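# Descriptive structure summary
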Amino acid sequence: MKTATCLVILMSLMLVGCESISTRIKERSAVFENWAPATQQRIRTGELKVGDNTDMVYIVLGNPDSTEDIPREDGSTLSIWNYLKLKQQFMAEETVGYEDHSDCDIATGQRIHYKIPNRQKVYQNTKVGSMQVILRNGLVTSVRWSGEPPPTLPPQEPQSN
């Protein structure tokens, strides 16, 4: 098959987990049940390909972080679904208050009062990658990836002329 028509992209890096796919399959069960068994299995494993519809993209990836619809001169609509991959990065520790403590000094028998700082780690979400699913009239035409690449992509089949 030609690369343009059978581009298969594994979305496992972007998945929250199989339970999320299962939950979304239940949400869209009426649509899911109408697909061929091979398509159902492919969607269950988190694979998308060119020609898949918006329900398939939603079940595999969930709701996009943002979308953009671009009307075209020919009457079609180009939709871009953006998915971000964030990683928490440790930034610093900060003091968020103090606890009062007291102990007894064994040598003098006096009570000693002191404060211990409460420390909290500060993290920042850092974008490490993003994916754009490009749809035309509700069907996947391509997927763009930026940042850290997915760990595995299936080999592309050679194009036949």
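Residues numbered from 1 in each chain as written. Predicted model: local features only at pLDDT ≥ 70, side-chain atom pairs only at ≥ 80, totals over all residues. Heavy atoms only, no water.

In terms of regular secondary structure, the protein chain is built from four helices and six strands. If you list the helices and strands of the protein chain from N to C, you get β-α-α-α-β-α-β-β-β-β. Within the protein chain, the fraction of its 161 residues that count as buried is 27%. Element-wise, carbon and sulfur atoms account for 50% of the exposed surface of the protein chain, whose accessible area totals about 10,900 Å². (Helix = DSSP H or I, 4+ residues; strand = E, 2+ residues; numbered from the N terminus. Buried < 20%, exposed > 50% of the residue type's maximum accessible area, 1.4 Å probe, protein only. Areas by Shrake-Rupley, 256 points an atom, 1.4 Å probe, with all protein chains shown as cover.)

Using the criterion set out here, one finds two aromatic pairs in the structure. An angle of 70 degrees between the planes, with centres 5.5 Å apart, marks the rings of phenylalanine 32 and tryptophan 35 as edge-to-face. Residues phenylalanine 32 and tryptophan 35 agree in their burial class; the two are buried. Centroid distance phenylalanine 90 to tyrosine 123: 5.8 Å. Interplanar angle 70 degrees. Geometry classified as edge-to-face. You can see phenylalanine 90 sitting in strand β4 (residues 77-104) and its partner tyrosine 123 sitting in strand β5 (residues 111-136), a full 33 residues away along the chain. Under the relative-accessibility criterion, phenylalanine 90 is labelled partly exposed at 44%. Of the residues examined, tyrosine 123 reaches a relative accessible area of 44% and is grouped as partly exposed. The ring centre of tyrosine 58 lies 4.0 Å from the NZ or CZ of arginine 28, which sits over that ring. (Phe/Tyr/Trp six-rings, centres within 6.5 Å; stacked < 30°, edge-to-face > 60°. Lys NZ or Arg CZ within 6 Å of the ring centre and 35° of its normal.)

This part covers helix α4 (residues 54-61). The element α4 is largely enclosed, with a buried count of seven among its eight residues. Those residues of α4 that fall on the buried side of the exposure criterion are Asp55, Met56, Val57, Tyr58, Ile59, Val60 and Leu61. At the N-terminal end of α4, a side-chain oxygen is found 3.0 Å from the backbone nitrogen of aspartate 55, two or three residues along, and the residue is asparagine 53. Backbone geometry just downstream of α4 places glycine 62 in the positive-phi region, at approximately 85 degrees. (Polar contact = N/O pair within 3.5 Å; in protein donor to acceptor, adjacent residues only side chain to side chain.)

Here arginine 42 shows up in helix α3 (residues 37-44). Here arginine 42 falls in the buried class, since its relative accessible area comes to 13%. Setting aside residues no more than four positions away along its own chain, arginine 42 makes contact with Glu47, Leu48, Lys49, Asp52 and Met56. (Contact = heavy atoms within 4.5 Å.)

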